[in-house]
Amino acid sequence: MLNLDRLRDFAIPAAEDICDPRSAILYALGVGAGLAPIDEQHLVFERDLAVLPTMALVLGTPGFWPMAAELGWDWPNILHGEQSLRLLRPLELGQLVHGRIEIGDIADKGPGKPALVRAKRTLMTPTDLVIAEMEETWVLRGAGGFGGPRDLPGAAATAMPDEPAHAMLDLPTAINQALLYRLTGDRNPLHVDAGTAASAGFDRPILHGLATMGLVGRALVHLCCDGNPAFLTAISARFTAPVWPGETVRTEIWRDGVDVLFRASVPERCVVVMDGGQACVAGF
Ligand SMILES: CCCCCCC[C@@H](O)CC(=O)SCCNC(=O)CCNC(=O)[C@H](O)C(C)(C)COP(=O)(O)OP(=O)(O)OC[C@H]1O[C@@H](n2cnc3c(N)ncnc32)[C@H](O)[C@@H]1OP(=O)(O)O
């Protein structure tokens, strides 16, 4: 059962990072840049290098790896449920950043069902100017039944339009995608170790949710921003099913000016993997 006091009192360590060219390129490769026949040289070559805005999701985090054990949680039972990112200023190359995470609301879906934990994360410059605000929901499978509120506060899930998508893009993932992505910080064994994946009920390790979000962010940059990542300033969605490395992810969009709704699926399996997606392509 979820130990609420331990969780609420847990101080997640702050973390510092530098958004240097090597880490920006590694991040881009981690979210699949260079695999598709589209021009992404500016994401992987030091000359005129651009930073993917979703890289804010991996900068200034403590890596989580020791944290789950300290909280008494088993990796196979923790899934990334939802994520949002809003950039308030551009993420710049060479920038020093530091991040802070706080545990927020906790929901109880009932005995034998999940507990949901919401964490708020802020990424800042050395002088504490906010670069990005993020919210994430962790799904702790089977941890419900402690008597908390059933739902997290906030808006209901975004309904997708009942009309064909305005545009879509299929992007591949590599069979070693999770092995590459984990080098950006999230060393959760669920994405690399067959035994941990089996304990979670999966045939093989699954892709990180934030790797899928980064890949979908690339699709949005291509579909809505003329290839310029600086225009993508917000993205949010729910992870509705796992993605396996090697699968293709299809991003479908419905655009209304700078506001975009999106959904991602794995066409080979006809499964929606990210739903209720919202993005903003306004730039700064
Ligand atoms: C310190 C540690 C930090 C860890 C940070 C994260 C580390 C990362 O490395 C972890 C990962 O990247 S995991 C990979 C990415 N995530 C995934 O693949 C999960 C995909 N989603 C699923 O499989 C299902 O939605 C699933 C299994 C999540 C839920 O499936 P359902 O069949 O819908 O489950 P069910 O039991 O019927 O649902 C119960 C209630 O939960 C709500 N819910 C479902 N999916 C949710 C989601 N993704 N986010 C938030 N809430 C969700 C349902 O609405 C339901 O509530 P209610 O009964 O009130 O409607």
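Whatever comes next refers back to the structure up there.
Residues numbered from 1 in each chain as written. Predicted model: local features only at pLDDT ≥ 70, side-chain atom pairs only at ≥ 80, totals over all residues. Heavy atoms only, no water.

## Some points on helix H2 (residues 21-30)
So the rule is basically this: Only protein chains enter the area calculation, which uses a 1.4 Å probe; residues under 20% of their type maximum are buried, those over 50% are exposed, and those in between are partly exposed. Secondary structure elements are defined from DSSP: runs of H or I of at least 4 residues count as helices, runs of E of at least 2 residues count as strands, and each element is numbered from the N terminus. We call two residues in contact whenever any of their non-hydrogen atoms come within 4.5 Å of each other.
Within H2, burial applies to Ala-24, Ile-25, Tyr-27, Ala-28 and Gly-30. Packing partners of the buried residues in H2 comprise helix H3 (41-44), helix H5 (177-181) and helix H7 (209-224).

## Considerations on the pattern of salt bridges
Our working rule: A pair is scored as a salt bridge if a Lys or Arg side-chain nitrogen falls within 4 Å of a carboxyl oxygen belonging to Asp or Glu.
A full pass over the atoms with the stated rule returns 12 salt bridges. Here Lys-120 makes a salt bridge to Glu-135, at a shortest N to O gap of 3.2 Å. Here Glu-135 lies in strand S5 (residues 130-140) and Lys-120 lies in strand S4 (residues 115-124), a separation of 15 residues in the sequence. Overall, the relative accessible area of 44% leaves Lys-120 in the partly exposed class. A salt bridge links Asp-170 to Arg-250; the nearest nitrogen and oxygen atoms lie 2.7 Å apart. Note that Asp-170 is positioned in strand S6 (residues 167-172) and Arg-250 in strand S8 (residues 248-256), a separation of 80 residues in sequence. Residue classification places Asp-170 among the partly exposed positions, given a relative accessible area of 35%.

## Some words on the site of the ligand
Where we set the bar: Here a residue is considered near a molecule or strand provided that any single heavy atom belonging to it is located within 4 Å of it. Any N or O atom pair separated by 3.5 Å or less is treated as a polar contact, with the protein-specific requirement of one donor-capable and one acceptor-capable atom, and with residues adjacent in sequence counted only for side-chain atom pairs. Methods summary: accessible areas were calculated by the Shrake-Rupley approach with a probe of 1.4 Å, and residue burial reflects only the protein chains presented. We call Asp, Glu, Lys and Arg charged. Ala, Val, Leu, Ile, Met, Phe, Trp, Tyr, Cys and Pro are nonpolar, and the rest, Gly among them, are polar.
Near the ligand, the surroundings consist of 28 residues, among which Lys-109, Arg-150, Asp-186, His-191 and Phe-239 are the closest. In this structure, Gly-81 approaches the ligand through a main-chain N or O atom, which is 3.0 Å from a nitrogen atom. Note that an oxygen atom of the ligand is positioned 2.7 Å from one of the side-chain N or O atoms of His-191. Computed on the free molecule, the ligand has an accessible area of 1,200 Å², of which 79% lies beneath the protein chains in the complex. Counting residues per element, the shell around the ligand draws most heavily on strand S2 (residues 78-87), which supplies five residues. Classifying every residue of the shell around the ligand gives 14 nonpolar, seven polar and seven charged.

Interpretation note: all reported values are geometric properties and have no functional meaning in isolation.
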